[in-house]
Amino acid sequence: MSSTTPDTFKGWVSHSATSPLTFTTFHPKPFTETDIEVSITHCGICGTDIHTLRSGWGPADYPCVVGHEIIGIVVRIGTGVATLASSPPSRDIRLGDRVGIGAQSMSCLRGDCSACADGQENYCARMTGTYNSRYADESKAYGGFATRWRGPAHFAFRIPHSLPSAEAAPLLCGGVTVFAPLRKYGAGSGKSVGIVGIGGLGHLGILFARALGCDRVVAISRSSSKRKDAIEGLGAHAFIATDEEEKWARTHSRSLDLIICTVDASDMPLTQYLRLLKVHGTFVQVGAPEKPLPQLTAGSLIQKGAKVTGSNIGSPEDIRSMLQLAADKRVLPWIQTRPMEDVNAAVADMDAGKARYRYVLVNEMEKQARL
Ligand SMILES: NC(=O)c1ccc[n+]([C@@H]2O[C@H](COP(=O)([O-])OP(=O)(O)OC[C@H]3O[C@@H](n4cnc5c(N)ncnc54)[C@H](OP(=O)(O)O)[C@@H]3O)[C@@H](O)[C@H]2O)c1
Ligand SMILES: [Zn+2]
Ligand SMILES: [Zn+2]
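Residues numbered from 1 in each chain as written. Chains lettered and ligands numbered in written order. Predicted model: local features only at pLDDT ≥ 70, side-chain atom pairs only at ≥ 80, totals over all residues.

- The chain is annotated in an unreviewed UniProt entry as alcohol dehydrogenase (NADP(+)) from Aspergillus coremiiformis.
- The record held by UniProt for the chain lists under Sequence similarities (unreviewed entry) the comment "Belongs to the zinc-containing alcohol dehydrogenase family." (UniProt positions renumbered as here; feature names shortened; annotations may be inferred.)

Have a look at this one:
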């Protein structure tokens, strides 16, 4: 093992659904030979952080450190990482490397788990999320609003040199969450794709749909306030403002092969979104509202053989492919950096829908400590 580091970390800890995050100590998982430790330089703020902080999906396991779009520098490597059986690519991780960690920190990795054996660790029934989750030994997983991250090398990814750290951060969750279903459901040449909700995930959905070579990418948003960004900046071919255009679902009916829906509120016009699908088109829900989705009439599924599905982040292979595509095609999220000390204000602004389109927290202290 390389140098040792303290067993007490510092981070912006959440103690309840209503109190602000406070900079204080927490205890990471015990360091094992297949773990690495990272000095965190950047962490994006994802919609999931907001749901978790306010216990929106059920009571969070406080104390909690959220943040799962982590970029940092490797400062410690377990002795077993260089020969890691479960992940050959992770064997290349070296001290001083720049790596990213997304929304998943562990899965069972057992040969008798069909998800893990198929390289779909993101669907393992025993997955460990990067925060608000527990490892097999019951120790808590802590996320990236902190100065250090410690966890399994299997779920850490080297960042291609051409991707700047701040821009790379949102790719680790937001990027792969839209890339994985786009690729899986055939986004590419000859296909028309709709992206619903132009936020952190949605703007990346437009960028990746373009990078994958889709013929037509349609941004679907509530108002026209993001039209200019979507068309002139992100490269969407068309824009639908659902709260402003009358009969939009009829006007654009049967026009899309695939829809990725990133909407995080349950009061969405789901039936109308489905009207936009072509015959046998696919609708993929990735946004995770705290309340149930709207009711659907059977007709909205029957009349065109619509396929309705969901998608959970991405596998380690999805993450590696997504990072490579982002590096090759210059897929760079639109970000605004904020000092990590301002995390409470940044979280409030994210919750208010002000991000254009992702806030990335920067750990100035950590950067300076390394100089
Ligand atoms: N499946 C997964 O693995 C996965 C991974 C990461 C995140 N998520 C979830 O994905 C969701 C989005 O995350 P995010 O970081 O992209 O959040 P975000 O930046 O806040 O974007 C969400 C977008 O949803 C749209 N929206 C909000 N309320 C709406 C409503 N009532 N009706 C229609 N559209 C509405 C808005 O777009 P417009 O302003 O354009 O209308 C908003 O920008 C969250 O629920 C998060 O937990 C899921
Ligand atoms: Zn996320
Ligand atoms: Zn498994």
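### Thoughts on the packing of helix α4 (residues 174–184) against helix α5 (residues 200–211)
- Relative to each other, α4 and α5 sit at 50°, their axes nearing to 8 Å. The angle between α4 and α5 places the two elements in the oblique class. Between α4 and α5 lies a crossing whose hand is right-handed. Only Gly-200, Leu-201, Leu-204, Gly-205, Phe-208 and Ala-209 of α5 make contact with α4, whose side of the interface consists of Gly-174, Gly-175, Thr-177, Val-178, Phe-179 and Leu-182.
- Taken together, the residues of the contact of α4 with α5 sort by class into seven nonpolar, five polar and no charged. (Axes fitted to C-alpha atoms, helices over the stretch in contact; angles between N-to-C directions. Helix = DSSP H or I, 4+ residues; strand = E, 2+ residues; numbered from the N terminus. Parallel < 35°, antiparallel > 145°, perpendicular 65-115°, else oblique. Left-handed = near helix turned anticlockwise from the far one by under 90°. Contact = placed C-beta atoms within 7 Å. Nonpolar A, V, L, I, M, F, W, Y, C, P; charged D, E, K, R; others polar.)

### What about the domain arrangement of the chain?
- Each assigned domain of the chain is listed here: domain 1 (9–173 + 333–369) and domain 2 (174–310).
- The C-alpha-based centres of domain 1 and domain 2 are spaced at 28 Å.
- Facing the 17 residues of domain 1 at the interface are 11 residues of domain 2.
- In terms of residue class, the side of domain 1 that touches domain 2 is built from 10 nonpolar, five polar and two charged. (Domains from an automatic or database assignment.)

### Looking at the site of ligand 1
- Neighbouring ligand 1 are 30 residues; Gly-47, Gly-197, Gly-199, Ser-221 and Asp-264 lie closest to it.
- Among the elements of the structure, α1 (47–53), α4 and α5 are those that each provide at least two residues to the shell around ligand 1.
- Tallied by class, residues from the shell around ligand 1 come to 11 nonpolar, 15 polar and four charged.
- Counting contributing residues, the shell around ligand 1 receives three or more from each of domain 1 (9–173 + 333–369) and domain 2 (174–310). (Near = placed C-beta within 6 Å.)

### Comments concerning the UniProt feature "domain: Enoyl reductase (ER)" (unreviewed entry) in the chain
- Mapped onto this numbering, the UniProt entry annotates "domain: Enoyl reductase (ER)" (unreviewed entry) at residues 16–361.
- Counting secondary structure, residues 16–361 comes out at 24% helix and 25% strand; the distance between its end C-alpha atoms is 21 Å.

### Some points on the environment of Ala-169
- Mapped onto the secondary structure, Ala-169 falls in the loop between α3 (165–168) and α4.
- When the 37 C-beta atoms within 10 Å are taken as the criterion, Ala-169 is described as buried.
- In sequence terms Ala-169 and Leu-109 are 60 residues apart; their C-alpha atoms lie 25 Å from each other.
- When near neighbours in sequence (up to four residues on either side) are disregarded, Ala-169 contacts His-42, Cys-43, Gly-44, Glu-69, Ile-71 and Val-360. (Buried ≥ 20, exposed ≤ 12 C-beta atoms within 10 Å, placed from the backbone.)

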